[in-house]
Each structure stands twice: as structure tokens, then as C-alpha cells.
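Letter by letter, the chains look like this.
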Amino acid sequence: MNNFNYERPRSLREAVSLRSRNAGAFYLAGGTDLIVQMRDDLLKPSLLIDLKALKQLEGIDMKKDVLHIAALTKVSAVEMDRTLLRTLPFLCDAAGFLGSPLTRNKATIGGNICNASPAAEFGTPLIALNARAVISDGEKTRVMAVEDFMTGVKKNALKRGELLSGFIIPDPKGHKGRFFKKSRIKLVDLATVNITVIKKGTEYRIAIGSCFIKPLRIRTAEEMLRGIKEPDARLLGKAARICAEEIKPIDDLRGTADFRRDIVFHYVKKLLGELTAKGGQR
Amino acid sequence: MKHYSSVGKNVKRYDAEEKVKGTSVFTDDLNFPGTLYAGVYRSPESCGRIKKINTVKAAKIPGVRAVMTAKDIPGRNIVPVVFDDQPLLAEKYVRYHREPLAIVAADDRNTLKKALKAIECDIEETEGVFTIRESLKKKRIVNGLYKDNIFQQYVVEKGDVKKAFAGAFLTVKNSYSTNYQEHAYLEPQSMLVKPELNGIFSVFGSMQCPFYVQDAVSAVLGIGLANVSVHLMSTGGGFGGKEDVPSIVAAVAALLSHRTGRPVKYILDRDEDISVMSKRHPSYIEYESAFSKNGKLLGVRTDYYLDAGAYSTLSPIVLWRGVIHAVGPYECPAVSIKGYAVATNKVPCGAYRGFGTPQIIFASETQMDIAAEKLGIDPVRIRELNAFKKGSETATGQVLKESIGIRKTIDAAVSRCDIGKTRSEIASFNKKQRYKKRGLGISCLFYGVGLGARGGPLQKGGAFVSVFKDGTVQFSVGTAEMGQGMYTVLGQIVSESFGINPSAVLPQRVSTEKVGDSGPTVASRATFISGNALLIACDKIKSSLLSFMLSEKMIRKASDVKFEKGYVYTGGKKKIPFTELSSKAWAGRVKMAEYGWYLPQGTSFDIRTGRGDAYVVYSYATNIAIVEVDMLTYRTKVLKLISAEEFGKVVNPLLAEGQIQGGNAQGIGWSLYENMVVKNGKILTDDFSTYLIPSILDIGQIEPVIVEEPYKGGPWGAKGMGEMPLMGIAPSIGNAIYDATGTRLKKVPFTPEDICNGHKSK
């Protein structure tokens, strides 16, 4: 690990200003990705801006039917939040699959999305929820879809002098959803495939991770199902088939492309089936 | 039946508290003033001729204290194991990726890293040999010393194999292959070498075989063995991975310490450790079995190939054990077993729990299952039909005389599992479930305890026991505590001998200074060999105590005396506390410190004919696995693993169960998760995010069952058991997957992709 400077700003403005003045600066949230990469000399920050003193960037809050999750909220807090467990339990499931309990107590939801791994646990549930990323430059904020915020492998839409302050999930009620992660071992492993499917009324959303340079929504499949209350097995199979065709997986150590398509086909079908079956919970 | 007071009890581990509190002292915890950090510059290529190694720039970096290449080695440039064909630092050729080329010592780790980056080499790359198949073509030769690319071969032949196959009702022929396995010990390889006065070097480290390390350091420094003292630190796991390769780690630190005159610490990072240290050999096996109509095994013909890597290291012995165990714990009148350790341009493989047997057991026990199905015989029944009994003859013609527990383990596993009920539950589950299928699989095995005939001069062990005047006892042995609980088990063996509480018996840290070369801590031999050596020492002390008591008129005849429950019974109900006797004996100037030396008797093996008594005695095990396969993701979950093991008299049931749990978990890892990816000889999975070992959530429920069948030649009847729990797991899971899905897997690990492909091709 290289030597670096360390700052622990007391305000958002100070944090952003430190970042814009230092080209080699990195924000430090939970550090569970950053420190590992630094140790392996994959990243060599000249300055670490530790955000942990910014307590306003932590917490989960429901205001007027809009759900706010601040960026520094710990993964374990998402996993065990009572409001979320009631309204969006599949988001808690996604949190519960991230790393190990030790990792989850350090890692943050904002860090997971900023790190922008195609396999990010929060990628598929957030984009399926149409979640929006709130970006601050210390003065003003701008908002964009999480789907657009993650731009590629380890790439996000933040400009220098900006910081991800949290997420907004509009109208979080009435979602039925399922999160699924296929990994080689149960915990402490990255996803070979992860999938979130959501049903809201007769609107369907399908998001797939680890099968492209970033998590993907499969809108053709969603459109095909739109308006149908109880799609039959043939239709679900067709939607699943589209998903398996539209993803662009690669062969890697965690699985082959063919195997990923297979998993996506079977599981999209299975999860949708669970959501649309009568009495399907969650 | 003898009544035991200490043996057979769940005595708490001697080091339990320090392990839980984190106060155990590991090598990296040692900090002598002025300690330097060592590192190794390694070959970027898998195969080629070394034209130049440029260390000038590195040597000039401030804080770099020494940079050395092969030409700077004062002694011999070797890693001593069996054939001594491996240089410590490559000189003319590199034969595997990341082979050591130069070594560096620096003031701190950052400087060390800079120095390693500043070294350059010019290697004329040549095409390497990366698979067993390529190697056997002999188009390219890995090492000029072995013109046919074969380090070692063995043949074991018995009976008329041709006739057996010609007359068989059923023959089953298949090929099998297995991948590497990484030891994944918690503590990476670690050594610290410190120069002392008078030309002595102290070596502190994590290892299984202090005497191997002593050999290696003495060889590279060109100094006497007496100039090298090796001290065992707390060792965070070995599993075979700290048998021979710690010699390399220590030799590197020793060379740099010798050059600089300062203490030198060499601790491997995990990625370096995974890519350059030994592993379980990948294998390729052709296996043919012949059966009679009623299920009797008539003949076995097998060719067993191990992918040994670039140097022979331990492969000749690993292969030997595999060959001896190739048929399994079954009577078989006709065998032809051929084994080959094949050279490739890859990291040298070595010892790993099971030592060349898990691969061939995977083949033989899968064969057994296939045959059972074809013959319409229950897979349990076919094993019972053929299992060893008293008077049975092994593949090498050894007649088994006592302590043969295979049938007992089959019975124990079957009844613990309640197999009839379990099978019908599985059947009804499978009928109901669409996406999930369950299955049950069985495997049996035997294991030759200790080094066996091929161990030659290493088949020995020493022990030192000292009784103090307050009745407390210290002991030293030459085998290592590496986390398995040896100190505690041996302490129980000693306390049983004196009839005292185990808490009064304390082990001394293992060191080459304390007892003579006792061979390696491998082959499940520590309890058996060191236990017997300790009992010899204890008996000597007890015999001195008896003479003393006779001369002091404390007893009338020696046969009256019993050592029990902290007392020495001196005839009838008369007794004297052991503490009091110790104090009296001390005052009477009795010799209460003794040395024991144990030599296992009765192995014979002719390497040319492949016949003879291979091992002194064998241990036995039966595994039953119950699995569930998700037919959408093809993920296999082990629901339950029942492992019934017979290893003589159990000394500490809790520690033995711990060994079974751990070995089973490692077996599950090898079977289902651990998949080393190697491309052109380069290991791509060099960390735990790419090379996956199972976590507690992946191993399911493990149920150890201990079966006793005491062995007269063992300490209090004990044999050895450390390796067995891993050895037969793959076939039990493979057979269970077949039972669940109908897909027969012949390649380890069983990846979801393989099950998927097998399923689709049906």
C-alpha cells in the first residue's frame, strides 16, 4: 500500500471541496472495496476523504410516500430495517447476501453503487425500483436514475466535485418483489448472476446483474407482461427467454456465459411465477 | 476391558484458551530488533532459459540489505526432499511460473516491494508442457534428469488379471480426473531465521516437519545440522501444505540472515502462497473393475497418473500411497495397478491430507457404485460383500491380522443414517418436488497408518519425559502440533501411563534441540509414533520408580503396583499419592527423566514386485452423503454427511470429532467448490475471491461417528486418523448426486456446469 494523506471533513461542502482540489483523492465510506484495492496496489489514492463523520449521510427515512436511503447507510442497517422489511423485503434480502456479517457492518449502500461492480448486490433491486441517485456538489443537488448512474464496470456518473448523498425511491408501496443471487458458495462470494423481479399492480420490472458491464433492465420482457394480471407459464417462459437472450454475459471464473443464460432463463421464470401465483407473498 | 482414566475422555485442548483469546504466538508475532523482511523475485514465465537476472538497481535502493541469486548460495542450491532435483533458486532454466530467481532482504515491507519491482530478468521463453497427456507424448522434456517426463512409477500386480476379466460377469471401465486442491491454511507460510553466537542459526516458524527444515537450512548454508536449531511456533494449519515447502521458506530467510547477519522474516502473502506453494496433485485415472454375478470383486486394472509439476518433491511417495490404496478396503484376487508421477511445467505438487489417495478413492468408489447398479445389488451390500475381514489379503499381498474395522464402520454409518427410512423420505421428496432432487451416496476406504515401507529411514520417533518432584510432568516429542491437537492427545497418553490428571502433564514446544530426528508430522502418524515413544519413556521412569519402591520396602513385588487416579497403589488398597512418590523418588536421586525411541515393526515392500506388507496397520471409514441438487441452478447442497471412522482406541473423542468435521468440510470443498484455474501454467485463482473454499453455510450437517477397534500395537490401542475424514468425501457426494439426478460425474470438482451439461445430454 502506498502512503497517502487522510482527511475527515466535518461538512459535505468541505468533503466536496477537498475532492475537487485533489485529482488523486478518493472518498472513503465503508472501505470494503477501496482498502482491498489499495492493499493490492490497484488504486493509489494521494488523499483519502473519510466521510464517516458526515452523520447526515446515514439513515433510512420514509417521507410522504417517498423513501430516502442516505448513501452512508450501512448494509447491515438496510438488511435489518423494520420499515424496509415490511415494505421492500427483497431489498433487505439483497443486503443480506453481501459479503459476510463483518463486511455488512462496514460497507455502505452508497459505496456498493459507486463502486459500480456489475455484480453489485444493490444494483438490480435499486434499478428495478426505479430508484434515483441524489448527487450533491456541496451547494446544489441533482438527481438521476440509478440505472444511468452506474455507467460501466467500476464506473459511475459522478463528476469531480460531486458526491453521492443518497437514494430516493418514489412510491415504494405496493411492490411485490424477489431478489435472487446465484454464487458459487453461499456467502463471501460475488454473484455469478443476480436477479430482481418486481410486480406492481400489473406492471412488471426485471433487472439482471453480473451479465453485462452493469446491471440491466430487460424492458422488452417487462412490456410483454404489462397489463396481464396472471401471465401463464408459456408467457413467463417467453419473457424469461427474452431475458436470457438480451443479456450479454461473459465466460469468467464465476461461470460461463451459457451457464449464466441458463440460470437467468430458469430463475426469471421461477421468480415471476412466484410473484404472479395466487397468494405469492412479498 | 481396560478402564481408562484419561484416554477416551474429552480433555480440553491444552492451547484452547490462548487460541480463543488470540494470545498464541505465531511467527509473525516475533519481533527481534533489527529484523529484515525477505521477499522472492519470481519468474514471469512458465518455461524458458534464463539469459540474465539484473539485480543492480534493486541493490542500490536505500534500505535494501541484500539481494541474492543462485550464484550467491554458499551451500548447495537444492530443496532436499526425495530426489533433490529442485534448485532453491533457478539458475539456468525456469520450469514453472513464479519459480524463485532472486531473493531480497529489506528494512521494511514497502522497500522490499520496490526492490522486487526493480529486478529484471531476460528469459528466452520456450513452449511448456501443461497437461499429463502432453507430457506423456514426450515431445518436450520438462527436466533433463527425467528423459521420459516421469519422476517415478510403480507397479503392483497380483493374481491372473487377464483370466479374472475374461471370466467376469461384469466389467466396468471408466476414466476419471481430478483438479488441484489448495490447503488454504489460516496462517500463510511463515519463517524467521536469527543468527546466534558460534555460527548457529535459530529458525522459528510454521511447519509440520522441523527436521526437514533443519536439513534444508543446513544444505543451503553449507553448515552442519548441529548449527541449525528449528523451533516450532504456533502453527495455523498444515494439511500437508507445511510438510516440505516450509523448507523453501526457511532456506530463503536463512540465506539472507547468513548474508546480513541479522534476523530475517519471510511471510508469504496469500496470492504468493497460493501460486507457489504445494497443492494436491491433479490426476487422471483409467480404472477397470471385474465382478462376479453375485457382486464379488474379481479384478482391478488401473493406470493412475499424477500431474506432479516441475520437480519431483514428494510426488514419489504421494504416488506410492495412492497405488497401495487403489483397490479400496476390499478383497480382490487379481490386480494390476500402475502409477506414474508425471512432470509438467507447473508449480510442484506435494502433500495434502490423504496424500494421493482421495483421487484414486474417487475412482474406485464410483466404480463400486456403477457396478452395484449394473448388478442390481444395493451399494451398501456390494461393499459389505467385498470388505476386508480378519485374514483378508490386500492388493500387495499383506494378510490383515487385527483391528480391521471396515464392516463396523459400514454398520455404524448405515444405522446412524437409518438408511431405509432416509431412502423412502428421499423418494417421496423427489416425487413431490419439481426443481429439487435429493440423493444418497456411500463410500468406503482404508488408510495405512504412518509412513509405511516407503518411509524407510524416517519410520521412527523420539520422546523425552521428565517427572518433577511435585509430580508434574513435562514431555517433548519430534512431531509437530499444527492445530490438530497433538499436544493434548499425547498429554493424555502420558497422564494415562502415570495415572495422573492430564492437567499435570505439559508439552514442551517442539524443537530439533529436544529429541532426535523423529521424521515428519504426516501420514496420520503423530499419535501412533510419538505416543508409542512417550510410553517407552514413561515405562522406563515407572520401572525406576518400582525399583526405588522395592528398595525402600514400599512394596513387596512390582506386579502389585498400579498407577491410577493420581495414586500409586502399592498392593491391595494401600496407596500413595503420585506427588508424594515423586518427591520421595527425587530425594532418593531416582532418574525420572527418560528418553523413548520407537520403531514401528513389520513393514516390507519390494518396489520391483509391488508385494509385501505396506503399512503396519490400517484405519477404516465409511461415509454416507445426502445431497440436494437444485435443478435450475444445478447447485448441490450437502444436507448431511455421516462419517463413521475406526482408528483403534480413540484418545480424545472431541478432538477426533473435530478432525472428522474439518476433514469432511475440506472434502466437501474439493468435491463441490474449489476449482483451481490454470492457464499456460499460470494460476489465475490466487486469492479467496476466485478460489473458493466453503463457508460454514455451505457444508451442511456433519455427523461424526466414532467406532472403536483397539490395536495392540498402538499407544493404548490407538491408530491414526487425521487424513481419513477427507479422503472418501468426493465419491460419497458424487454417488449421491447420481442418485439424485441420474448424472454420473467423473471429474472433481462437481461444478454446476458439469451437472447441467450431464443433465442436458441425457
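Before going into details, it helps to say that this report is about the structure given with it. (Residues numbered from 1 in each chain as written. Chains lettered and ligands numbered in written order. Predicted model: local features only at pLDDT ≥ 70, side-chain atom pairs only at ≥ 80, totals over all residues. Heavy atoms only, no water.)

## Some words on the overall build of chain B
Scanning chain B from terminus to terminus reveals 20 helices and 29 strands. Computed over C-alpha atoms, the radius of gyration of chain B comes to 27 Å, within 12% of the 27 Å expected from 2.2 N^0.38 for 762 residues, which places it in the range of a compact globule. In terms of overall dimensions, chain B has C-alpha extents of about 80 × 75 × 50 Å along its principal axes. Across the 762 residues of chain B, 64% fall into the buried class. (Helix = DSSP H or I, 4+ residues; strand = E, 2+ residues; numbered from the N terminus. Rg over C-alpha atoms; globule rule 2.2 N^0.38 Å. Buried < 20%, exposed > 50% of the residue type's maximum accessible area, 1.4 Å probe, protein only.)

## Side note on the interface of chain B and chain A
Often, the extent of an interface is quoted as the loss of accessible area upon association of its parts. At the interface, 25 residues of chain B touch 22 residues of chain A. It is Leu 632, Leu 692 and Glu 753 of chain B that lose the most area in chain B upon contact with chain A, and together they represent 27% of the buried surface on that side. Run the count over chain B and chain A and you get two salt bridges. Of the charged contacts, one joins Asp 41 of chain A and Lys 113 of chain B as a salt bridge, the two residues approaching to 3.1 Å between their closest N and O atoms. Here chain B and chain A share eight residue pairs in polar contact (both at pLDDT 80 or more) between them. For the side of chain B that touches chain A, the secondary structure elements donating two or more residues are helix H3 (109-118) and helix H20 (752-760) of chain B. Tallying contributions element by element places H20 of chain B first for the side of chain B that touches chain A, with four residues. By residue class, the composition of the side of chain B that touches chain A is 12 nonpolar, five polar and eight charged. (Contact = heavy atoms within 4.5 Å. Buried area = accessible area lost by both parts, 1.4 Å probe. Salt bridge = Lys/Arg side-chain N within 4 Å of Asp/Glu carboxyl O. Polar contact = N/O pair within 3.5 Å; in protein donor to acceptor, adjacent residues only side chain to side chain. Nonpolar A, V, L, I, M, F, W, Y, C, P; charged D, E, K, R; others polar.)

## Let's talk about the pattern of salt bridges
Counting across every chain of the model gives 61 salt bridges over all chains. Of the charged contacts in the structure, one is a salt bridge between Arg 219 of chain A and Glu 147 of chain A, with a shortest N-O distance of 2.9 Å. Of this pair, Arg 219 of chain A sits in helix H10 (residues 219-225) while Glu 147 of chain A sits in helix H9 (residues 146-149), and the two are 72 residues apart along the sequence. One salt-bridge network, in which partners are shared between bridges, spans Arg 13, Asp 15, Lys 19 and Glu 481 of chain B.

## Describing the packing of helix H14 (residues 486-498) of chain B against helix H15 (residues 526-551) of chain B
The relative placement of two packed helices is expressed as an angle between their axes plus a distance between the axes. Residues and elements named next belong to chain B. Between H14 and H15, the least distance of the axes is 9 Å, while the angle of their chain directions is 30°. Taken together, the axis directions place H14 and H15 in an arrangement best described as roughly parallel. Once H14 is placed against H15, the crossing between them reads as right-handed. Where H14 abuts H15, its residues Met 486, Val 489, Leu 490, Ile 493, Val 494, Ser 497 and Phe 498 lie against Ala 526, Thr 527, Ser 530, Gly 531, Leu 534, Leu 535, Cys 538, Asp 539, Ile 541 and Lys 542. The residue inventory of the contact of H14 with H15, partitioned by class, reads 11 nonpolar, four polar and two charged. (Axes fitted to C-alpha atoms, helices over the stretch in contact; angles between N-to-C directions. Parallel < 35°, antiparallel > 145°, perpendicular 65-115°, else oblique. Left-handed = near helix turned anticlockwise from the far one by under 90°.)

Function cannot be read off these values alone, since they describe shape.
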